[in-house]
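Structural overview for review
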Amino acid sequence: MALLLFPLSELTYVKPVQGFSNQVIQQGATGDDVIELQSRLQYLGFYNGKIDGVFGWGTYWAVRNFQYEFGLEIDGLVGDEVKNKLNKASNYDEGYVKEQIKKGNEFTHYGGTPKSQQTKPGKQQKQQPKSNQNEQANQQQKQEPTAVNVPSGYSQNDIQLMANAVYGEARGEPYVGQVAVAAVILNRVKSASFPNSASGVIFEPRAFTAVADGQIWLEPNDQAKEAVMDAINGWDPSGQALYYFNPETATSDWIWSRPQIKQIGKHIFCK
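Here we summarise the structure given alongside this text. Sequence order as written defines residue numbering, which begins from 1 separately in each chain. Given that this is a predicted model, residues contribute local features only at a pLDDT of at least 70 and side-chain atom pairs are listed and counted only at 80 or more, while totals for whole chains, interfaces and linings are drawn from all residues. As a rule here, side-chain values come from all non-hydrogen atoms in the structure, and water together with hydrogens is ignored.

The phi torsion at arginine 206 lies on the positive side, around 65°, for a residue other than glycine. Following the sequence through the fold, arginine 206 ends up in the loop between α8 (198–202) and α9 (209–212). Within the chain, glutamine 240 stands out as a residue other than glycine whose phi angle is a positive 70°. The numbering of helices and of strands both runs from the N terminus, where a helix is a DSSP run of H or I of at least 4 residues and a strand a run of E of at least 2. One can find glutamine 240 in the loop between α10 (222–232) and β3 (243–245).

The next subject is the side chain of aspartate 230. If you trace the backbone, aspartate 230 turns up in helix α10. In terms of polar contacts, aspartate 230 uses its side chain to reach the side chain of tyrosine 175, at 2.7 Å. Contacts are assigned to residue pairs with any non-hydrogen atoms lying within 4.5 Å of each other. Once you skip the residues sitting within four places of it in the chain, aspartate 230 turns out to touch Trp61, Arg64, Tyr175, Val179 and Trp235. We define a polar contact as two N or O atoms separated by no more than 3.5 Å, with the added condition that, inside protein, one atom must be a possible hydrogen donor and the other a possible acceptor, whereas residues neighbouring each other in sequence contribute only through side-chain atom pairs.

Put simply, a nonpolar core is a bunch of buried Ala, Val, Leu, Ile, Met, Phe, Trp, Tyr and Cys residues held in one set by side-chain atoms that sit within 4.5 Å of each other. Only protein chains enter the accessibility calculation, which uses a 1.4 Å probe; a residue whose area is less than 20% of its type maximum is buried, one above 50% is exposed, and one in between is partly exposed. Ranked by internal contacts, the top residues of the largest apolar core, which has 62 residues, are Leu37, Leu41, Phe55 and Phe66. Looking at which element gives the most residues to this core, the answer is helix α7 (residues 175–190), with ten residues. By size, the runner-up hydrophobic cluster in this structure holds six residues, among which are Ile35, Ile51, Tyr92 and Phe107.

In spatial order, the strands read β3-β5-β4; together these three strands make up an open sheet with antiparallel pairing. In this open sheet, the two strands that pair with only one neighbour each are β3 and β4 (260–264). Within this sheet the neighbouring strands show an average axis-to-axis angle of 25°, counted without direction. We call two strands paired when DSSP finds no fewer than two bridges between them. Summarising the sheet, β4 and strand β5 (residues 267–270) pair through four bridges and their orientation is antiparallel. Bridged to isoleucine 264 within β5 is histidine 267. Strands in contact with α7 are β3, β4 and β5; relative to β5, the strand with the most contacts, it is inclined by about 30°. With axes taken as lines fitted to C-alpha atoms, and helix axes fitted only over the stretch in contact, angles between N-to-C directions fall between 0 and 180 degrees.

Before going further, it helps to spend a moment on helix α4 (residues 94–103). Of the residues making up α4, those classed as buried are Tyr96, Val97 and Gln100. With its buried residues spanning 95° around the axis, α4 presents them on a single face. Along its buried surface, α4 packs onto α1 (32–43), β1 (106–107) and β2 (119–120). One or two steps after α4, the chain reaches glycine 104, where phi turns positive at roughly 75°. By definition, the arc is the one covered by directions from the helix axis to the C-beta atoms.

What follows is about the layout of surface pockets. Lining residues are those with an atom within 4 Å of a point, where the points come from a 1 Å grid over the protein atoms alone and group into cavities, where a 1.4 Å probe fits but cannot get out, or pockets, open sets with protein on both sides within 12 Å along at least five of seven lines. Grid points are joined across faces, edges and corners, and a volume is the space filled by probe spheres set on the points. Roughly 800 Å³ of internal volume is contained in the largest pocket. Together, 30 residues line the largest pocket, and Glu169, Ala207, Thr209, Tyr244 and Phe245 are the ones closest to its centre. If you list the elements that add at least two residues to the lining of the largest pocket, you get α6 (156–170), α9, β3 and α11 (253–256). Among the residues forming the lining of the largest pocket, the class breakdown is 14 nonpolar, eight polar and eight charged. Just so you know the grouping, Ala, Val, Leu, Ile, Met, Phe, Trp, Tyr, Cys and Pro go in nonpolar, Asp, Glu, Lys and Arg go in charged, and all remaining residues, Gly too, go in polar.

A word on the pattern of salt bridges. The working definition used for a salt bridge is a side-chain nitrogen of Lys or Arg within 4 Å of a carboxyl oxygen of Asp or Glu. In total, this model carries eight salt bridges according to the counting rule given. Between lysine 103 and glutamate 99 there is a salt bridge, with the nearest N and O atoms lying 2.9 Å from each other. Taken together, the residues lysine 103 and glutamate 99, both in helix α4 and four residues apart, mark about one turn of the helix. Each of the salt bridges in this network shares a partner with another, and the network as a whole consists of Asp32, Glu94 and Lys98.

Two elements in contact, α6 and α10, have axes whose closest approach is 8 Å; the angle formed by their N-to-C orientations is 115°. As α6 runs across α10, the sense of the crossing is right-handed. The segment α6 lies against α10, with Ile159, Gln160, Met162, Ala163, Val166 and Tyr167 engaging Ala224, Lys225, Ala227, Val228, Met229 and Ile232. Classifying every residue of the contact of α6 with α10 by side-chain character gives ten nonpolar, one polar and one charged. What makes a crossing left-handed is the near helix being turned counterclockwise from the far one by less than a right angle; a clockwise turn instead makes it right-handed.

It is worth spelling out α1 at this point. Multiplying 1.5 Å by the helix residue count minus one yields the expected span of that helix. If you check α1, its first and last C-alpha atoms are 16 Å apart, about what twelve residues at 1.5 Å a residue would give, namely 16 Å. For α1, the set of buried residues is Asp33, Val34, Ile35, Glu36, Leu37, Gln38, Ser39, Arg40, Leu41, Gln42 and Tyr43. Against the buried residues of α1 lie α2 (57–69), α3 (80–89), α4 and β1.

Here the focus is the pairing of β5. By the alternation rule, side chains of β5 split into His267 and Phe269 and Ile268 and Cys270, which are all buried. With three bridges connecting them, β3 and β5 associate as antiparallel partners. Across the sheet, the residue bridging to tyrosine 244 is phenylalanine 269, located in β5.

Geometry only, nothing functional implied.
Now the structure itself:
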């Protein structure tokens, strides 16, 4: 399992607290259940955001990655089955976590990490003059809401081109495999070893078979577009892979030399 930062045998340094309520936790929820959810996901290495009790996009995609890695239905909903898996795989020190939140500390809740290394004082907020605060509030009220499903940095052309690539490379693969192919493109964009744009990555010479054989220009279906959006919004089933290949058709000895992460459908994903 690629996302775990430590062996499960080390998940013993705090006593588990079975604190979840009976409600199904979902995006938009707030409160103690979400604090516990974020803490347990962070304990396992799936969530690296702020533990603030607000079920936003970061928490949503952490839940989906957890569901995928643990063989659960991937829907972003935290019901009894997900809670039970989290309870068995992680520990939650409620007192410690809530104390850090109350103090305004910057902290993590990773399993196997001594608490002395998890916590540091929070950054002090500089008090703004009241006039500046009022002006800032007025400006925020005037701003148009940002679309949450299309993060900044990717244009509609980028999304369309990536959908073309996913369809040309992975149509017929399971949906999670299509998301993984999209994630590889994004991982390359972020890597210093590859071009820093979606088009640059996709059209890099000999990078993708679909470009070489012209299938890049097939009209993608809605599923390919959804896979790209899932990847852009944070889901990476590939385990941060930079390469993938089909072992039945691969002819390059070099690709077989890459450290393999996992296989999804017909594709093996590699570092």
